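# Structure at a glance
For reference, the chains in residue letters:
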Amino acid sequence: GVLGPVFRAYDPERDRVVAVKLFRLDIPPERVHRLVAGFESLIAAELTHPSAVAPLATGIVLADAFLAQEYVAAESLDIAVREHGPLPLAGALHVAAQLAGALDSAAGVNILHGALHPRDVLLSSGETRVIGLGVARALEQVGVAVPVRRPYSAPERMAMARWDRRTDVFSLAALVHEMLWGRRVTATGMEAADALTELQ
């Protein structure tokens, strides 16, 4: 991962495999504890949308915070597009609807993504899952700058300005473009619109 490794582990309490993200941030211990408190708030929100991968547990290992979530055996959207090209129109709309539903459901409990990227979208047969909901805001609240992910980050994120749920709408649009045309957005505004070609 961008901010630290991700491990696959077994959770004996729930008798399931989980993914554990370790945040190696080099921040003081009090800020690590505040980050864990932020993650605990995400867990308490109990995200229930079927396309949202909800966090399950958090804590500190040595000096680093970790966040455990359900393990999803799937390929990320960037790999799917790179290996198979654009998604069929019906498939792209299905994925987009599932993503939009997860983002809307999370926003309903005041949880935003803020850093949505193709690697945060996991695809398996007929199912779309999104990971990383709420993590960007939790990191910002302890003074950790969340990496800008061009061309998916909205202009306000690139400017390190305040952001809201519209940031996720921008990122979702960039993902839909990539699903439909098999390539990233390479321009902005009308230039981006003029560069669109007819769908096959």
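What you are looking at is a predicted structure, and each value in this text was computed from that prediction instead of being measured.

Parameters at a glance
- Residues numbered from 1 in each chain as written.
- Predicted model: local features only at pLDDT ≥ 70, side-chain atom pairs only at ≥ 80, totals over all residues.
- Heavy atoms only, no water.
- Helix = DSSP H or I, 4+ residues; strand = E, 2+ residues; numbered from the N terminus.
- Buried < 20%, exposed > 50% of the residue type's maximum accessible area, 1.4 Å probe, protein only.
- Contact = heavy atoms within 4.5 Å.
- Areas by Shrake-Rupley, 256 points an atom, 1.4 Å probe, with all protein chains shown as cover.
- Lys, Arg positive; Asp, Glu negative; His and termini not counted.
- Charge placed at Lys NZ, Arg CZ, Asp CG, Glu CD.
- Pairing = 2+ DSSP bridges.
- Axes fitted to C-alpha atoms, helices over the stretch in contact; angles between N-to-C directions.

## Remarks on the overall build of the chain
- Each helix and strand counted, the chain has 7 helices and 7 strands in total.
- Helices and strands appear in the chain in the N-to-C order β-β-α-β-β-β-α-α-β-β-α-α-α-α.
- With the principal axes as the frame, the chain shows a C-alpha extent of 55 × 40 × 30 Å.
- The 200 residues of the chain split such that 47% are buried.
- Looking at the chain alone, contacts between residues at least 24 apart form 57% of all its contacts between residues at least 6 apart.
- Accessible surface, the chain: about 10800 Å² in total, of which carbon and sulfur atoms supply 56%.
- Side-chain charges of the chain comprise 19 positive and 23 negative groups, with the mean position of each set lying 4 Å from the other.

## Quick look at the sheet that holds strand S3 (residues 55–61)
- Reading across the sheet, the 4 strands line up as S1-S2-S4-S3 and stay open at both edges, with antiparallel pairing between neighbours. Both outer strands of the open sheet, strand S1 (6–11) and S3, are each paired with one neighbouring strand and no more. Direction aside, neighbouring strands of the sheet carry axes that sit 30 degrees apart on average.
- Taken together, the 6 bridges between S3 and strand S4 (residues 64–70) define a ladder with antiparallel strand orientation. Note that in S4 the partner of Gly59 across the bridge is Phe66.

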